[in-house]
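Here is what each chain is made of, one letter per residue.
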Amino acid sequence: MSLQDFWDVFVLGVVLGSLYAVIAIGYTLVYGVLQLLNFAHSEVFMSGGFGGLIVLTVVVPAADPSGIQSAGYVLLGMLAGAALGGGVAYGLERVAYRPLRRRGAPRLVFLITAIGASFFIYNLAGKIFGRNASRMPSMYENKTLFTLFGAPINVTQALVVVSAVLMLILVDFVVNRTKLGSGIRAVAQDPEVASLMGVNIDKVVSRTFVLGGLMGGVAGFLYGTTTQVWYTMGFLPGITAFAAAVLGGIGNVRGAMLGGMVLGVVEAMTVEIWGDAWRYVGAFAVLVAVLMFRPTGILGERVARTA
Amino acid sequence: MLNRSIVKLAIPVAIGALALTACGSDDGDSNGGGGGGGGTTYKIAYQGPLSGDNVALGENMQNGIQLAINEANESGDYDFTVEYVATDDRGVEGQATAAAQLVIDDEDVIAAIGPAFSGPAEVAAPLYGEAGVLAVSSSATNPTLTEQGFPTFLRAVPNDFAQGAGMAQFLAAQDGVEKVILVDNVTPYGEGLAEVAEASLTELGLEVERSSVPVDTPDYSGAARTVVQSGADALVYAGYYQTAGPFAASLKDAGFDGIAVSGDGTNDMQFLSLAGAASEGWYLTCPCTDATADEATADFAERYQSAFNQPPGTYSAESYDVAQMIISAIAELGAEANRDSLYEAVATGSYEGLTKTFSFDENGEFTNDAIFMYQVQGDDIAYLGPIEELTGG
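This is a predicted model, so every value here is computed, not measured.

Considering a nonpolar patch on the surface
All names here are of chain A. On the surface, Ile54, Val58, Val59, Leu76, Leu84, Phe120, Leu124, Ile128 and Phe129 cluster together into a nonpolar patch covering about 780 Å² of accessible area. For the nonpolar patch, the leading source of residues is helix H4 (residues 107-129), giving 4 residues. Locating Phe129 in the fold gives a position in helix H4.

Next comes the structure, spelled out in C-alpha cells:
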C-alpha cells in the first residue's frame with residue numbers, strides 16, 4: 001500500500017468511523033445510566049434514516065439546488081432524522097424499559113426486551129415502508145470539495161465527518177458541562193444516592209435515551225445518504241457501533257468516539273488489503289485483541305459500580 | 001465491566017433470537033383461483049422471495065403466475081380448477097427448506113414453480129425430488145443446479161453459462177476494452193455467473209481481475225476504489241439490484257468511467273431508483289425478453305398492466321408461460337394427472353409459450369440459450385435486443 005493509498009483509505013475509514021462513533025454514543029450513554037445493552041438502538045438509527053427520507057420525499061429537493069437550498073435540505077433531513085430517532089428512543093424507554101424498571105425486573109429481562117423491541121420496530125418499518133430499499137433524494141451535487149494529503153473529499157464525506165464531529169463535541173459538552181450531564185453522571189455512579197440527592201431518575205434516564213436517539217437519528221440520516229435506507233439497515237452498523245462502544249470502554253462517552261473511529265479505519269484498511277469478504281474480521285480481531293489486554297476497553301469503562 | 005453472566009446468557013439468546021427472525025413473516029396473499037372450472041382442484045405453488053431484500057423480483061414472477069392461473073380458471077377451457085399457493089423463501093438458503101416443506105406437505109399441490117433464486121433452489125430441489133413434486137424454476141440460473149441429478153427439477157431459463165458467455169461476447173466486441181474487473185456478491189448466483197464470465201472473457205483474450213463483495217455489505221466505497229484502482233476498462237457486477245444500487249452510486253463518486261455490465265439480478269427498475277443517475281449507461285443482460293417491447297408478448301403485457309396496475313417486470317412473462325405450460329400439461333393428462341405423471345409430461349414435452357419454446361434435456365436443463373441485452377437510458381431500461389445480433393456474431 002503506497003502512502004497515497006493509505007490516505008485515500010484512511011479518509012473512507014474516518015467517514016465510516018464517525019458514523020460508528022455517533023451511534024456508539026447511544027449505546028454507551030444508556031449503558032452508563034442503566035447498565036442496559038440497548039440492542040434496539042440500531043432501530044433508532046434506522047428510524048432516523050426513514051425520518052430524513054420521509055421529509056425529503058415530501059419536500060422534493062430542487063433538481064439543481066443552490067448552495068443555500070442544499071444546506072437547507074441537509075439540515076431538514078438531519079432535523080427529521082433526529083426527531084424520529086429521538087421520538088423512537090423516547091417511546092422505547094417509556095413503553096419497553098420503564099415498566100420493567102418499575103417492577104425491578106432482572107437485567108436479563110431488559111436484554112430480551114431490547115432484542116424483542118428491535119425485532120418489533122424493524123418489522124414494523126418493513127410493513128409500513130416496504131421491504132425494498134430507497135435512495136435518499138439527492139440534495140446536492142456530490143462533487144469533490146477539496147483534497148486532503150492528495151485524497152479527494154466529496155460533499156457527502158465532508159458532511160458526514162463535520163456533522164459527526166460537531167455532534168460528538170456537543171455530546172461531550174452536554175455530559176460534562178450541563179446540569180443534565182451531571183444528572184447522567186450521578187445516576188451512572190449510584191442511582192440510589194443520586195435520587196436521595198434530588199436527582200429525578202426517571203427524567204434523567206428518559207433524557208439520556210432521547211439524547212442518544214437524537215444522535216442515532218442524525219447518524220441514520222447521514223448513513224442513508226451515503227448508501228440507502230431500508231428496514232434492516234440498522235443491524236450491521238448497530239452491532240459494529242456496539243463493538244466500538246465496548247472497544248472504547250462501555251459507559252465512557254469519549255471511549256465510544258475513539259472506538260468508533262478505530263473500528264471504521266480498521267474496517268476500511270481491511271477491505272483495502274484483504275477485500276470486502278474480510279470487512280468485519282479485521283475490526284473484530286482488533287476488538288478481541290484489545291479486550292484481551294484491556295478488558296475494560298481502550299479508555300476504560302466509566303461506570304462506578306461493577307454491575 | 002460487562003456483567004459476565006449477562007454476556008454468557010446474552011450471546012445464545014441473541015443467536016436464538018436471530019434464528020427466530022429468520023422464520024418470520026410470510027405475507028402470503030394468495031388471492032389466485034376462484035371462478036370457473038369445477039371438478040378437481042389442483043394447487044400450483046410458487047416458491048420465491050415474497051419478502052426481504054429482493055421482493056421486487058419475487059413479485060414479478062408471482063404476478064405472472066397468478067395471471068396465468070386466473071385466466072385459466074376464467075377461460076372455462078378446463079374441467080378442473082387451479083389454485084395458487086405462495087411460499088416465501090425470502091430468496092435466502094436458510095428459509096428454503098421450510099418454504100419447500102410447506103408446499104410438499106400440502107397433498108393438493110401438484111407442481112411448484114421455483115425456487116426463484118439459485119441458492120434456495122440448491123437447498124430445496126432435493127426435497128421436491130424426494131417428494132416427487134415437479135419444481136420448475138423460471139429464474140434460477142446457476143449452472144450447477146442441473147448437474148446434481150435432482151430428480152424433479154427443471155430449469156426453464158438459460159443458465160449463467162449462457163449469460164456469462166453473452167456478457168463476455170458483448171464486452172469483447174466493444175472498442176477499447178482490454179481489461180475487465182469481475183465483482184461477485186459471494187452467492188451461488190454471483191460466483192457462478194462471475195466464474196463463467198471469467199472463463200469466457202479469458203478465452204476471448206481479455207485480461208480479467210476478480211473481486212468479491214458479500215451481499216450484505218452496506219458500504220461500497222472500498223469496493224468502488226478497488227474497481228478504479230484496477231485500471232479496468234469495464235466492470236461486470238454479478239449480483240442483485242439491491243446492492244448494485246449503492247455500488248453504482250459509489251462507483252460514480254469514485255470516478256469510474258468504464259463500461260458497466262450486470263446480469264438479470266440487477267435488471268429491475270428498482271436498480272434505477274436505488275442508483276439514481278449513477279445507473280445511467282449500465283448494460284444489463286437477461287435470458288428474459290422484454291414483454292412490453294416484444295410483439296409476441298404485447299397482448300400479455302396489456303393484460304398484466306390492467307391486472308396489477310404496473311408493466312410486467314423481469315421474468316413475469318416467463319413465469320406466466322411456465323404456469324400455462326403446467327396447466328396445459330395437467331389438462332392433457334386429464335384424470336391421470338398426479339405429481340409423478342405431471343413431472344414426466346413436462347420434462348419430456350415441449351411447450352410453445354409466448355416468450356419461447358420450452359423443452360428440457362435429460363438433466364432438466366433448458367435447451368434454448370438466447371441472451372438479451374438491455375441498457376439503462378434515462379429513466380428506463382431500454383431493450384437493445386439479442387446479444388447475438390448486437391455483436392454481429
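Things to note about the UniProt feature "transmembrane region" (unreviewed entry) in chain A
According to UniProt, the "transmembrane region" (unreviewed entry) feature falls on residues 6-32, 44-64, 70-92, 104-125, 145-175, 204-223 and 280-300 of chain A. When the span residues 104-125 of chain A is considered, its composition is 86% helix and 0% strand, and the gap between its end C-alpha atoms is 30 Å.

Some thoughts on the packing of aromatic side chains
Aromatic ring pairs are described here by two measures, namely the spacing of the ring centres and the angle between the planes. One pass over the full model with this rule turns up 29 aromatic pairs over all chains. Seen in terms of ring centroids, Tyr27(A) and Phe242(A) are 5.7 Å apart; in terms of plane orientation they differ by 55°. Their pairing is tilted. Here Tyr27(A) is found in helix H1 (residues 3-34), whereas its partner Phe242(A) is found in helix H9 (residues 235-248), with 215 residues between them in sequence. For the pair Tyr78(B) and Phe80(B), a centre-to-centre distance of 5.3 Å together with 35° between the ring planes defines the contact as tilted.

Brief notes about the sheet that holds strand S7 (residues 207-212) of chain B
Residue and element names in this part refer to chain B. A sheet is described by the order of its strands in space; here 7 strands give the open sequence S7-S6-S8-S9-S10-S13-S14, paired in mixed fashion. The open sheet is flanked by S7 and strand S14 (380-386), the only strands paired with a single partner. Looking at each pair of strands side by side, their axes are set apart by 25° on average, direction ignored. Judged from the 5 bridges that link them, strand S6 (residues 179-184) and strand S8 (residues 234-238) form a sheet pairing that is parallel. Each bridged residue has a counterpart across the sheet, and for Ile181 the counterpart in S8 is Leu235. In the packing of helix H6 (residues 188-203) onto the sheet, contacts are made with S6, S7 and S8, and the angle to S6 comes to roughly 165°.

Re the packing of helix H6 (residues 179-189) of chain A against helix H8 (residues 201-226) of chain A
Residues and elements named next belong to chain A. Their axes nearest at 10 Å, the elements H6 and H8 cross at an angle of 110°. Classified by the angle their axes make, H6 and H8 are roughly perpendicular. Contacts from Leu180, Gly183, Ile184 and Val187 in H6 reach Ile201, Val204, Arg207, Thr208 and Leu211 in H8. Taken together, the residues of the contact of H6 with H8 break down into 6 nonpolar, 2 polar and 1 charged.

Focus: the domain arrangement of chain B
Residue and element names in this part refer to chain B. Domain boundaries in chain B define domain 1 (40-158 + 294-359) and domain 2 (161-286 + 371-390). A straight line from the C-alpha centre of domain 1 to that of domain 2 covers 28 Å. With 20 residues of domain 1 in contact, the opposing surface of domain 2 contributes 18 residues. Each partner contributes to the roughly 1,300 Å² buried at the junction of domain 1 and domain 2, and carbon and sulfur atoms together form 54% of this total. There are 5 residue pairs in polar contact (both at pLDDT 80 or more) connecting domain 1 and domain 2.

Comments concerning the sheet that holds strand S5 (residues 153-155) of chain B
Residue and element names in this part refer to chain B. The strand order across the open sheet formed by 5 strands is S2-S1-S3-S4-S5, and the pairing between neighbours is parallel. Pairing within the sheet leaves two strands with one partner each, and these edge strands are strand S2 (80-88) and S5. Within the sheet, the average angular offset between the axes of one strand and its neighbour, ignoring direction, is 25°. With 4 bridges joining them, strand S1 (residues 40-48) and strand S3 (residues 109-113) adopt parallel strand pairing. Each residue of the ladder has a partner; that of Lys43, found in S3, is Val109. In the packing of helix H4 (residues 118-131) onto the sheet, contacts are made with S1, S3, strand S4 (134-137) and S5, and the angle to S1 comes to roughly 150°.

A short note on the UniProt feature "domain: Leucine-binding protein" (unreviewed entry) in chain B
Per the UniProt record, "domain: Leucine-binding protein" (unreviewed entry) is annotated on residues 41-377 of chain B. Its end C-alpha atoms 45 Å apart, residues 41-377 of chain B is made of 43% helix and 20% strand.

A closer look at the interface of chain A and chain B
Facing the 38 residues of chain A at the interface are 40 residues of chain B. Where chain A abuts chain B, roughly 3,400 Å² becomes buried across the two surfaces, and 57% of that area is made up of carbon and sulfur atoms. Here chain A is connected to chain B by 4 salt bridges. Counting across the interface, chain A meets chain B through 8 residue pairs in polar contact (both at pLDDT 80 or more). For the side of chain A that touches chain B, the secondary structure elements donating two or more residues are H1, H4, H9, helix H10 (253-274) and helix H11 (279-293) of chain A. Considering each element in turn, the side of chain A that touches chain B owes the most residues, 8 residues, to H4(A). Here the residues of the side of chain A that touches chain B are counted per class, giving 21 nonpolar, 7 polar and 10 charged.

Criteria and thresholds
Residues numbered from 1 in each chain as written. Chains lettered and ligands numbered in written order. Predicted model: local features only at pLDDT ≥ 70, side-chain atom pairs only at ≥ 80, totals over all residues. Heavy atoms only, no water. Patch = residues over 30% accessible without salt bridge, like charges linked within 9 Å, V, L, I, M, F, W, Y side chains within 5 Å. Areas by Shrake-Rupley, 256 points an atom, 1.4 Å probe, with all protein chains shown as cover. Salt bridge = Lys/Arg side-chain N within 4 Å of Asp/Glu carboxyl O. Helix = DSSP H or I, 4+ residues; strand = E, 2+ residues; numbered from the N terminus. UniProt positions renumbered as here; feature names shortened; annotations may be inferred. Phe/Tyr/Trp six-rings, centres within 6.5 Å; stacked < 30°, edge-to-face > 60°. Pairing = 2+ DSSP bridges. Axes fitted to C-alpha atoms, helices over the stretch in contact; angles between N-to-C directions. Contact = heavy atoms within 4.5 Å. Parallel < 35°, antiparallel > 145°, perpendicular 65-115°, else oblique. Nonpolar A, V, L, I, M, F, W, Y, C, P; charged D, E, K, R; others polar. Domains from an automatic or database assignment. Buried area = accessible area lost by both parts, 1.4 Å probe. Polar contact = N/O pair within 3.5 Å; in protein donor to acceptor, adjacent residues only side chain to side chain.

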